[in-house]
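# Notes for the structure review
Each chain, written out:
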Number of protein chains: 2
Amino acid sequence: MSKPMQEKTVNAIRVLSVEGIQKANSGHPGLPLSSAPIAYALFQNHLKFNPKDPAFKDRDRFILSAGHGSMLNYACLHLYGYDVTKEDLENFRQLGSRTPGHPEYGHTAGVETSTGPLGQGIANAVGMAIAETALAAKFNKEGFPVVDHYTYAICGDGCLQEGIAYEAASLAGTLKLGKLIVFYDKNDITIEGNINCTFSEDVAARHVAQGWQVIKVANGNDPEAISRAIKKAKKETEKPSLIIVQTVIGYGSPKAGLAASHGAPLGEDGVLATKKTLGYENVPPFTVPEDVWAHAKRATARGRNAERDWKKMMKAYREAYPELAAEWDAWQSGKTPDLAADEDLWKFDKADATRNTGFTVLNKLAAKIPNLMGGSADLAPANKSNMTAREYYSVENRTGTNMHFGIREHAMSAICNGMALHGGLIPYCATFLVFSDYMKNAMRLSALMNLNVTYILTHDSIGVGEDGPTHQPIEHLTALRTIPGMKVFRPADGKETTAAWITAIKGNGPTSLVLSRQNLPQYEGSGAAALKGGYILSDSEKKVPDVILMASGSEVELIVKAQAELKARGVDARVVSMPCMELFDKQSKKYKESVIPASVRARVAVEAGSKMPWFKYVGLDGEVMGMESFGASAPAAKLFAHFGFTVENVVEKALAVVK
Amino acid sequence: MSKPMQEKTVNAIRVLSVEGIQKANSGHPGLPLSSAPIAYALFQNHLKFNPKDPAFKDRDRFILSAGHGSMLNYACLHLYGYDVTKEDLENFRQLGSRTPGHPEYGHTAGVETSTGPLGQGIANAVGMAIAETALAAKFNKEGFPVVDHYTYAICGDGCLQEGIAYEAASLAGTLKLGKLIVFYDKNDITIEGNINCTFSEDVAARHVAQGWQVIKVANGNDPEAISRAIKKAKKETEKPSLIIVQTVIGYGSPKAGLAASHGAPLGEDGVLATKKTLGYENVPPFTVPEDVWAHAKRATARGRNAERDWKKMMKAYREAYPELAAEWDAWQSGKTPDLAADEDLWKFDKADATRNTGFTVLNKLAAKIPNLMGGSADLAPANKSNMTAREYYSVENRTGTNMHFGIREHAMSAICNGMALHGGLIPYCATFLVFSDYMKNAMRLSALMNLNVTYILTHDSIGVGEDGPTHQPIEHLTALRTIPGMKVFRPADGKETTAAWITAIKGNGPTSLVLSRQNLPQYEGSGAAALKGGYILSDSEKKVPDVILMASGSEVELIVKAQAELKARGVDARVVSMPCMELFDKQSKKYKESVIPASVRARVAVEAGSKMPWFKYVGLDGEVMGMESFGASAPAAKLFAHFGFTVENVVEKALAVVK
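Anyway, here's the lowdown on the structure attached to this text. Just so we're clear, the structure is a prediction, and the values are computed from it rather than from any experiment.

Cut-offs applied
- Residues numbered from 1 in each chain as written.
- Chains lettered and ligands numbered in written order.
- Predicted model: local features only at pLDDT ≥ 70, side-chain atom pairs only at ≥ 80, totals over all residues.
- Heavy atoms only, no water.
- Helix = DSSP H or I, 4+ residues; strand = E, 2+ residues; numbered from the N terminus.
- Rg over C-alpha atoms; globule rule 2.2 N^0.38 Å.
- Buried < 20%, exposed > 50% of the residue type's maximum accessible area, 1.4 Å probe, protein only.
- Areas by Shrake-Rupley, 256 points an atom, 1.4 Å probe, with all protein chains shown as cover.
- Lys, Arg positive; Asp, Glu negative; His and termini not counted.
- Charge placed at Lys NZ, Arg CZ, Asp CG, Glu CD.
- Least-squares fit on C-alpha atoms with pLDDT ≥ 70 in both.
- Contact = heavy atoms within 4.5 Å.
- Pairing = 2+ DSSP bridges.
- Axes fitted to C-alpha atoms, helices over the stretch in contact; angles between N-to-C directions.
- Buried area = accessible area lost by both parts, 1.4 Å probe.
- Salt bridge = Lys/Arg side-chain N within 4 Å of Asp/Glu carboxyl O.
- Polar contact = N/O pair within 3.5 Å; in protein donor to acceptor, adjacent residues only side chain to side chain.
- Nonpolar A, V, L, I, M, F, W, Y, C, P; charged D, E, K, R; others polar.
- Expected span 1.5 Å × (residues − 1).
- Phe/Tyr/Trp six-rings, centres within 6.5 Å; stacked < 30°, edge-to-face > 60°.

Now for the overall build of chain A. Within chain A, the regular secondary structure consists of 24 helices and 20 strands. Here the C-alpha radius of gyration of chain A, 28 Å, is about what a compact globule of 659 residues would show, namely 26 Å. For chain A, the C-alpha atoms occupy an extent of roughly 90 × 60 × 45 Å along the three principal directions. Across the 659 residues in chain A, those meeting the buried criterion constitute 68%. By element, 51% of the accessible surface of chain A is carried by carbon and sulfur atoms, the whole surface being about 21,000 Å². Charged side chains of chain A number 73 positive and 71 negative; the gap between the two group centres comes to 4 Å.

Looking now at the relation of the copies chain B and chain A. For the pair of chain copies, the relating operation is a rotation around an axis with a shift along it. When chain B is brought onto chain A, the operation consists of a screw motion whose angular component is 180° and whose axial shift is 0.0 Å, with 0.0 Å RMSD remaining. Such a combination of turn and shift is consistent with a two-fold rotation axis. A shared interface surface links the copies, since 100% of the contact residues of chain B are contact residues in chain A too.

All names here are of chain A. Strand order in the open sheet formed by five strands is 1-2-3-7-6, with parallel pairing between adjacent strands. The two strands at the open ends of the sheet, each matched to only one other strand, are strand 1 (61-64) and strand 6 (213-217). Ignoring strand direction, the axes of neighbouring strands in this sheet form an average angle of 15°. Across six bridges, the pairing between strand 3 (residues 180-186) and strand 7 (residues 241-246) is parallel. When the bridges of strand 7 are listed, Asp185 appears paired with Val245.

Turning our eyes to something else, we now look at the sheet that holds strand 2 (residues 151-155) of chain B. Residue and element names in this part refer to chain B. Spatial ordering of the open sheet is given by 1-2-3-7-6, a layout of five strands whose pairing is parallel. Two strands lie at the open edges of the sheet, namely strand 1 (61-64) and strand 6 (213-217), each paired on one side alone. Taken over all neighbouring pairs, the strand axes of this sheet differ in orientation by 15° on average, direction set aside. As judged from the five bridges shared by strand 6 and strand 7 (residues 241-246), these two strands associate in the parallel manner. Bridge pairing links Lys216 to Ile244 in strand 7.

On the chain A side, the residues contacting the 102 residues of chain B number 102 residues. Roughly 8,300 Å² is buried in total at the junction of chain B and chain A, and carbon and sulfur atoms are behind 59% of that figure. It is Glu192, Tyr438 and Arg444 of chain B that lose the most area in chain B upon contact with chain A, and together they represent 10% of the buried surface on that side. The tally of links from chain B across to chain A stands at eight salt bridges. As a salt-bridge pair, Arg444 of chain B and Glu475 of chain A come within 2.7 Å of each other at their nearest N and O atoms. At the surface where chain B touches chain A, the tally comes to 55 residue pairs in polar contact (both at pLDDT 80 or more). Examining the composition of the side of chain B that touches chain A, we find that seven residues originate from one element, helix 7 (residues 163-174) of chain B, more than from any other. Residues belonging to the side of chain B that touches chain A are distributed by class as follows: 42 nonpolar, 36 polar and 24 charged.

Residues and elements named next belong to chain A. With 13 residues, helix 9 (residues 223-235) should cover 18 Å at 1.5 Å per step; its first-to-last C-alpha distance of 18 Å lies within 8% of that length. Within helix 9, the full set of buried residues consists of Pro223, Ala225, Ile226, Ser227, Ala229, Ile230 and Ala233. Turning to helix 9, the residues buried within the fold contact helix 1 (3-24), helix 2 (30-45), strand 2 (151-155), strand 3, strand 6 and strand 7. Its side-chain oxygen at 3.1 Å from the backbone nitrogen of Glu224, Asp222 defines the N-terminal cap of helix 9.

Here we take up the side chain of Thr470 of chain B. With respect to the secondary-structure elements, Thr470 of chain B resides in the loop between strand 12 (454-458) and helix 17 (476-481). A polar contact is formed between the side chain of Thr470 of chain B and the side chain of His471 of chain B, at a distance of 2.9 Å. Apart from the residues lying within four places of it in its own chain, the contact partners of Thr470 of chain B are His102, Ser114, Thr115, Gly116, Pro117, Arg444, Leu445 and Leu448 of chain A together with Val434 and Phe435 of chain B.

Glancing now at the packing of aromatic side chains. Residues and elements named next belong to chain A. All chains considered together, the criterion is met by 45 aromatic pairs over all chains. With 5.8 Å between their ring centres and 10° between their planes, Phe49 and Tyr82 make a pair best called stacked. You can see Phe49 sitting in the loop between helix 2 and strand 1 and its partner Tyr82 sitting in the loop between helix 3 (70-79) and helix 4 (86-90), a full 33 residues away along the chain. By the burial criterion, Phe49 is buried, and Tyr82 matches it. With centroids separated by 6.2 Å and ring planes inclined at 20°, the aromatic side chains of Tyr152 and Phe183 adopt a geometry described as stacked. You can see Tyr152 sitting in strand 2 and its partner Phe183 sitting in strand 3, a full 31 residues away along the chain. Each of the two residues, Tyr152 as well as Phe183, counts as buried. Within the aromatic cluster, the residues linked to one another by ring pairs are Phe43, Phe49, Phe62, Tyr80 and Tyr82.

This next bit is on the pattern of salt bridges. Working definition: two side chains of opposite charge can pair if their charged atoms are close together. Using the criterion set out here, one finds 66 salt bridges over all chains in the structure. By sharing partners, the salt bridges in this structure join Asp460, Arg481, Arg490, Glu555 and Glu607 of chain A into a single network.

Further remarks concern unusual backbone geometry. In this model, Asp188 of chain A sits at a positive phi of 65°, which is unusual for a non-glycine residue. For Asp188 of chain A, the location among the structural elements is in the loop between strand 3 and strand 4 (189-190). Of note in this structure, Asn450 of chain B is not a glycine but carries a positive phi near 60°. Looking at where Asn450 of chain B falls in the secondary structure, it is placed in the loop between helix 16 (440-448) and strand 12. The partly exposed category is assigned to Asn450 of chain B, whose relative accessible area is 41%.

The subject of this paragraph is the pairing of strand 12 (residues 454-458) of chain A. Residues and elements named next belong to chain A. For strand 12, the tally of buried residues reaches five of five residues, placing the bulk of the element in the interior. The alternating pattern of strand 12 places Thr454, Ile456 and Thr458 and Tyr455 and Leu457 on opposite faces, both of which are buried. In this structure, strand 11 (residues 426-432) lies alongside strand 12, joined through five bridges in parallel fashion. By the bridge assignment, Tyr428 is partnered in strand 12 with Thr454.

See the structure below:
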């Protein structure tokens, strides 16, 4: 391959990037200018992709973990034939364009995940690489490499300073994810200046300590050296590879080597100067020279051929292994069985913690949904999150589908995002509700990308008991409910737990299953109605109740008992169980009115968490009973009494609002 | 020192621990049994402490980062003379006791920080070690080592797998915190089983890569070897030290070496068997043998002498350096000047972003409060969080008070907690509001410990603009407001920013300053009233308004303009600015009624975030205008219009609720 052609193509990527950023008058030129040779070497010589079929199942995955360099991604997608047009590049960062400020999954063909929050992309890549090995172990047969692809990511110093990156790399090393290849665009500059101020660690030695192969490329402008490094990385099948490429931030621009090139457009003059330096002074804006197009087409041809060969192979596979092929189709479809009609899922006979009933349901689902895969951040015995009939996934047993994520909540959540993004698997993960804090941004990204990731979050209130305030969630129900698109399901008994799991498996975004540590009764009136998120668990005798009592989870027991007490005092109460506000809010006006009639303003809501989410149902005339402080260390029953969660208190508040 | 006496004392710690856990019928015996020799070697031979004065300013700090092993801490505090009695040990994990399930700061003499959420303690220790160097650089003089102590922490595999631990260790290595000494109780067991399943990394090599000295102790039952390792760690002044101690989880118990010993009491039989193995079968429960008491007293005498010597030295220091001594007293007092009366702080003359007005106020405060110290997670130019007249803290310049935290939000927040816990400094830190997600648990701990840490959180809404949904906070105001004790201040203009900073500096727990990227007008009616959290910015003409408009931050502009529009349509609106709900809620009933009279049910609240926090003010008859989805990538002004944040919409909603 001629060096000038390589250079010219690399520079096309650079020029498109800075032009897009300049037109938007907003964006981050530093990384596209430094990383262009990496992206070029990868797309031109290695990446298995077919731009005409971005969903090609066995494509290599490419993640720009340093998402602020989005124009690098868009320029490559444009150049290598994806449906990203010149107009799209011109509309960078404009409302409704396909080229938003950071890469957004589901928004732009060829974008495999939404990045920008630093470090997430690396953990997503680990999740994809795990999915690849798991699916390969399940489906591949001698001569039929159904699943056989690499996962690539480009990251910068920012990603590698974030804790989530260390967590993910540590697990990747332990799991020997040999087909994971991460590029470190080492330009030694961050926003506040030279990296030395904050980051003196030996990144190569760190990754070796974590079980990675490390390859160094001294000259970041040498695509052939980068390509050789990729070859070496591919040859190493036992270890993930980190390719450290020494680059210059803002290369080719007047701000080369300076932090100033990171996050602001170069200015019209700066763009002109850059184009001159890069030999593009005579090329009109947003234009790819013909010879560069021709050069890039070789890569798209390679990808097209790869998919053609794969399809041919799959045809033979379908004949040789019809049952496996049918399973393949089922796993890839993302479809799940109709669970609500399954009577067996709804049977519970004794008082039990919802973490236990959740465990029962999970294990029944495990028998029906073979591509369910998940685990806990080292709390499986407490979260009750393992599938007992399944084996654990490990280096020796890639077909295992229980995961040991280690004590790495943040990476765990982002790895599940990666598994969901990869396709073929239905991931879940588990920890204590209070530690959802540790993985909050990754959970947000589950919601932003509308991924079917299920979160099992046990020990859901002061009911945690003796472990005390550091382990007792107070604000977490609120924090999760406020994430757009996150369904938060806090069941009151076994049947509501079934409804929670059915909601989770049905998907359309993530679901948090918030489960109790302590035993709860089983209610006769619960059941499929819980799928509506809120329903009348026990109605008043009168058509219009004197007071509406609402609660979720363990506090439903209090309002059920209070209903009886109130009856004895001549007050006719309706008991509304509200396990999932997000589902309830989506019901018809008529249904909602039938459960909580606008005319009844005497309302009491009870939840052993912060009060905030309940005011929209209770208004100014009702009463919310919740937590206004952190919890304390003591046996759970004592804590509920101490913080006022008693039947007597509910009765008192109800009587007060009825007046 | 006789080996039998060492062993007997170590075993006293072990036995007290398992007895406390057994009596509580709840707790974690695994770590106290494995780590007792470490704690013993430290307290007996090294730790500078005076149990009779737990606040001794130059004491060594000791953190049990593996907080689930709390009984280890309590047993040591009991043995070494702190105000932790036999009765306290017997009341482990009971309501109101001084021995809660996890160590709680402010609750038990000698507990330096609240631990339990894994990894936090290591980052707290880094913050304390930074504070030690900063104060030493400021106050120490030849012959007067006013600040000269070590910071010790014990952690387990759990802490070291968490991302926050890597982040904190990376910064500690870069900053060459030579007086930070961390013990790694390496027992190779986590809850889900052997560590190999999840954690194959070379922890020693990892820390060497991060700039640490690593010392290994092969036999975790050899206190003399541990003591020698501590000596070696103290000798290394350029690097923090990690002492890796190979131990056996649950040592001495029938469950030794098993995950089962981690988190459940041993049972009566198990305790008896353990006591027998450890030579305590004839010692009554919760009893320390006389010779063990006598042995431990040598350590308390050492500590008492150390404080006596320090006080003597301080007396001479006061004479030699009276001005510095006065500064010392001021810094240590935690007192801050009366800022509200300072007219200069309240002057702003032009439309400006609140991140800019915040910067102005911060820099005025920097001139008044010399012990203010803080910085950003690599976003200082965007957060506007640096003190321009100050230098940056670094290895070469320990007197600098601007911090480069690196791209490590979680560690940053926990490091600030450590700085606040150490005393002598007033810490703050900064990032984008959306990335508060990354440090959520540490922010929670600021609140749980009631620490005066200030969070500068800029780019506070869809006003972020082009960076798009990954960078636009929607749910974060809600998530922060729901943390008990966290004050969230979202100012509408310069004067409200002043009120925000005054609130933050006054302290009594953490404050989040939520600041805009985009320009906002200055209001005549704003000012000191903002210190009440909510106030009438522009009143209706009538005493009882037709409608109350409420907003915070950038949306105040909309309701101010809507007021004028409504007037033109014959509707008399009151404009309430609500920069800090937590402060407003604490005002007198009378004051709150004067701002939002109960009789006026026509209310509209506007905030470019999720609606949840506003329903308690708006009720069922009003209207909340907020975000119900994630944002998008586009110029900010377009986004506000796109998502309905317009004066016309406010007017329309107001007219609807008035009807």
